[in-house]
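Secondary and tertiary structure notes
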Amino acid sequence: MSISQEGIHCNYLNEMDLVWDRPDTFTDTTLHYCPGCGHSVINRLIMESVQELNIEEKTIGVAPVGCSVFAYHYMFIDMQEAAHGRASAVATGIKRILPDRIVFSYQGDGDLAAIGTAETIHTVNRGENILMLFINNGIYGMTGGQMSPTTLKGSITSTSPDGRDYNQHGYPLDITKIIAQMPGSAYVTRQSVDSANAVRKTKKAMMKSLKYQMDGGRGVCFIEIVSNCPSGWKMTPTESNEWLRNEIFNHYELGDIKQLPKLKTNEI
Amino acid sequence: MNKKILMKGNEALAEAAIRAGLKGYFGYPITPQSEILEYLSRHLVGSNRVFLQAESEVAAINMVYGAAGCGERVMTSTSSPGFSLMQEGISYIACAELPCLLVNVVRGGPGLGTIQPSQGDYFQAVKGGGHGDYKLLVYAPNSVQEMADFVYKGFDAADKYRTPVLILTDGALGQMMEPVVFPDYNPDNHYTNHSAWATRGKSKNRDPNVITTLNLEADAMEKTNIHLQAKYKSIMENEVMFETIETEDADFLLIAFGLTSRIAHKALEMARENNIKVGLLRPQTLFPFPTQAIAELAENVQAILTIEMNAGQMVEDVRLAVNGRTPVYFYGRMGGVIPQPNEIYQKIKDVYHSSSKQISE
Amino acid sequence: MTKSSGHIIINIQKCKGCELCIIECPQNGMALSSNINQNGYHYAYLAEDICTGCTNCALICPEAIIKVYRKKKSKILKQPVSTL
Ligand SMILES: Cc1ncc(C[n+]2csc(CCOP(=O)(O)OP(=O)(O)O)c2C)c(N)n1
Ligand code: SF4
Ligand code: SF4
């Protein structure tokens, strides 16, 4: 493919260091996600982290049913694709059988907090030594933008045409807060990928969680990433990120909810 | 000769699983299969062996999916309502071609039903049960000995064909005590190396292994289906198992599987004492079904009586096999009621006289 | 000819024109082309010679198609002189 660069050209690239490039563990396959979708960034970040920690050969990922159903097309590691909602049960099966491998699951809000709520809660309750990534975009992206359990009050979706009404649909489920209260969770944090700095922070949380698992840490590391769905929200990517900052983060506040415990030496 | 041990059917099955090299068990309590779960909680111990009580049958079957995807010998067991809950996961497992052992200790339904033994899940077990075109290789034991034997066979077949295998049994066989002999079986000699496709971490010299059931392209999904059907065909050609009793001179044939085959055998003896030449065919595999054997026997008998503990499920497969060669009758009890030998004998007499009348007419 | 301390190369054929990189560039150096790529998307490009190689655009880019270059560090003293 020819890259006809428009704009500024540089004649002394050889005098420069390449300081950022697509990670090798992230395949060259063109991503199927909509333009500006946070899924793409999060897919890449977990692979960046796996690569930096040099654990490609012992990491097994579990993809959900949802927009990330094809995550295994991009992640150059062994992967399993779970049934809708069951990623954490599948991850449990893998981790229990191969306890020395690094296992992560990747799930949307419909997957993790609606159909898979029981599996989510009980995986955390058992304190499985896995990383759970929870991509909360407040909507069912894959099936065309229906209301999800985390959709905020008044939000218009294809199944809440007049906006989510608490009397009819109940309240947004803050499953991350519930998980933070459970003794089986080791580390619970809520992050985003709506800016470069947010991306840096999310990656840090992933690195921390994977390292903890590598060091034999006990319990689930749970990272919620409050993300966008430009298509489902009917916004441009930039509008969707502004909407996150102006509206959504007020409800789903970012930051660590449960700090990672210091590992006791006998746990390592 | 190995020692005879007196054991409950469910426990013999669980013990056989351990001896067959079981690495992971994931299950949820339900009567009348809980002994399997309880036995394994005590005995499936030690390093590299996993016993896990899941939060539901849905979780259990998906844990089996994940663990089987790592290429180890894993299983779950349940009873009818739990087996219904597992259907989605089983469809995924069949499509992803993951070897594993499933056990359904059937109880009377529908609904919450009863904890008494039943064969009401024949259709669900043999015809797919979940969504899409798939089959389970289904073994139907009729003794505590077979509860154990079919575990080894089941694991070997699951490995060989990369397919889920089901042992379809019932509460009575699960609870009954009988002597059982465990064969010499060294799992290491049966070990199938699944590392070519299993997700165990991608080594440097290969591309990632992916366990998935998704194919948005219809053509590609059809290919998956064609591949699965070819596998089921090969299973039909190679794995049919059945037992025949006194069929050589029989002019009246009973067909029954599992618990009912034992009762049918009693009825056969009663009939023979009264000079009715009855034979019995007992399918040991329900899929693949002994279609050929039944078709051949159908040529030489005046009538066939199928006996089941349901409203008439296997009888449909019998009729397909017989294909009009001879009349096929059905006798069944439902909802957990076990038919008595004399009921069956009575039915044999009724059918025998009416069919021989027809013949003489 | 560039004068700046950084540079980016975008695989424009894979760009989906989401404009997130443009918003994220602290130097306001990027723009969306009026041309389209093979998939019909307007693509992003470096319009001003003011890139510092901060990597912001690359980090936010969902398609992971931006390579970032920065002048070799050798001449740049990163640590305070007193600690050398
Ligand atoms: C048992 C079952 N029910 C429903 C579906 C349809 N379905 C696919 S994805 C999805 C929801 C996805 O939403 P979410 O988990 O929030 O992920 P997103 O697509 O937004 O990333 C649903 C309902 C399914 N595949 N399986
Ligand atoms: S539908 Fe939404 S969540 Fe799915 S890829 Fe598109 S923008 Fe992302
Ligand atoms: S962020 Fe990436 S995909 Fe989006 S406009 Fe910039 S280069 Fe193109």
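Procedures and definitions
- Residues numbered from 1 in each chain as written.
- Chains lettered and ligands numbered in written order.
- Predicted model: local features only at pLDDT ≥ 70, side-chain atom pairs only at ≥ 80, totals over all residues.
- Heavy atoms only, no water.
- Salt bridge = Lys/Arg side-chain N within 4 Å of Asp/Glu carboxyl O.
- Helix = DSSP H or I, 4+ residues; strand = E, 2+ residues; numbered from the N terminus.
- Buried < 20%, exposed > 50% of the residue type's maximum accessible area, 1.4 Å probe, protein only.
- Contact = heavy atoms within 4.5 Å.
- Buried area = accessible area lost by both parts, 1.4 Å probe.
- Polar contact = N/O pair within 3.5 Å; in protein donor to acceptor, adjacent residues only side chain to side chain.
- pLDDT = per-residue confidence, 0-100.
- Near = heavy atom within 4 Å.
- Areas by Shrake-Rupley, 256 points an atom, 1.4 Å probe, with all protein chains shown as cover.
- Expected span 1.5 Å × (residues − 1).
- Pairing = 2+ DSSP bridges.
- Axes fitted to C-alpha atoms, helices over the stretch in contact; angles between N-to-C directions.

1. Digging into the pattern of salt bridges
For the structure shown, the criterion picks out 36 salt bridges over all chains. Here B:R325 and B:E299 are joined by a salt bridge, their closest N and O atoms 3.1 Å apart. Here B:R325 is found in the loop between α12 (314-322) and β15 (328-332), whereas its partner B:E299 is found in the loop between α11 (291-298) and β14 (303-308), with 26 residues between them in sequence. Assessed through its relative accessible area of 40%, B:R325 is described here as partly exposed. Owing to a relative accessible area of 54%, B:E299 belongs among the exposed residues under this scheme. Each of A:R44, A:E48, A:E52 and A:K203 takes part in one network of salt bridges that share partners.

2. Some thoughts on the interface of chain A and chain B
Between chain A and chain B, the contact holds 33 residues from the first and 37 residues from the second. Of the roughly 2,700 Å² buried between chain A and chain B, counting both surfaces, carbon and sulfur atoms make up 62%. Counting the surface chain A buries against chain B, the share from its top three residues, A:E57, A:D78 and A:I97, is 23%. Our count for the chain A to chain B interface comes out at 3 salt bridges. One salt bridge in this structure joins B:R206 and A:D78, with 2.8 Å as the shortest N-O distance. Taken together, the connections running from chain A to chain B amount to 14 residue pairs in polar contact (both at pLDDT 80 or more). Mapped onto the side of chain A that touches chain B, the elements with two or more residues apiece are β2 (59-63), β3 (78-81), α2 (87-97) and α4 (117-125) of chain A. Examining the composition of the side of chain A that touches chain B, we find that 7 residues originate from one element, α2(A), more than from any other.

3. Quick look at the confidence of the model for chain C
All names here are of chain C. Of all residues in chain C, 83% have pLDDT values of 70 or greater, and the mean over the chain is 88. Low pLDDT (under 50) marks residues 76-84, which in the prediction has 3 contacts with non-local residues, meaning those over four places away or in another chain. Here the complex is predicted with pTM 0.95, and the ipTM for its interfaces comes to 0.95.

4. Here's the deal with the site of ligand 1
Residues and elements named next belong to chain A. Neighbouring ligand 1 are 17 residues, the closest being H39, C67, G110, D111 and G141. Contact distances for ligand 1 include 2.9 Å between an oxygen atom and a backbone N or O atom of C67. Contact distances for ligand 1 include 3.2 Å between an oxygen atom and a side-chain N or O atom of D109. Within the complex, 77% of the 590 Å² of free accessible area of ligand 1 lies under protein. When contributions to the shell around ligand 1 are tallied by element, the ones reaching two or more residues are α3 (109-115) and β6 (139-140).

5. Here we look at helix α7 (residues 196-214) of chain A
All names here are of chain A. With 19 residues, α7 should cover 27 Å at 1.5 Å per step; its first-to-last C-alpha distance of 27 Å lies within 8% of that length. Every buried residue belonging to α7 is among A196, A198, V199, T202, K203, A205, M206, M207, S209, L210, Y212 and Q213, and all of these are buried. At the C-terminal side of α7, G216 shows a positive phi close to 80°.

6. Brief notes about the sheet that holds strand β10 (residues 255-258) of chain A
Taking strand neighbours across the sheet as the criterion, the 8 strands line up as β10(A)-β8(A)-β9(A)-β5(A)-β4(A)-β2(A)-β3(A)-β9(B) in an open arrangement whose pairing is mixed. Two strands in the sheet have a free side with no partner beyond their single neighbour: β10 of chain A together with β9 (210-211) of chain B. Strand direction decides the pairing type here: β3(A) and β9(B), joined by 2 bridges, are parallel. Bridging from a neighbouring strand, A:Q80 pairs with B:I211 of β9(B). Lying over the sheet, α2(A) contacts β2, β3, β4 (102-108) and β5 (131-136) of chain A, oriented at roughly 175° with respect to β4(A).

7. Some words on the interface of chain A and chain C
In this assembly, 44 residues from chain A lie in contact with 50 residues from chain C. Buried area between chain A and chain C, summed over both chains or domains, comes out near 3,900 Å², and the portion from carbon and sulfur atoms is 58%. If you sort the residues of chain A by the area they bury against chain C, A:E6, A:I8 and A:W20 come out on top, with a joint share of 17%. The interface formed by chain A and chain C holds 2 salt bridges in total. Across the pair A:D17 and C:K72 runs a salt bridge, and its minimum N-O distance is 3.4 Å. At the surface where chain A touches chain C, the tally comes to 20 residue pairs in polar contact (both at pLDDT 80 or more).

8. Structural notes on the environment of A:I248
Residue and element names in this part refer to chain A. Counting through the fold element by element, I248 comes out in helix α9 (residues 237-251). Separated by 108 residues in the primary sequence, I248 and Y140 place their C-alpha atoms 16 Å from one another. In this structure I248 touches L152, V226, W233 and W243, once residues within four positions along its chain are discounted.

9. Quick look at helix α6 (residues 144-161) of chain B
Compared with the 26 Å implied by 1.5 Å per residue over 18 residues, the 26 Å span of α6(B) between its first and last C-alpha is a close match. For α6(B), the buried fraction is high: 13 of the 18 residues fall into the buried class.

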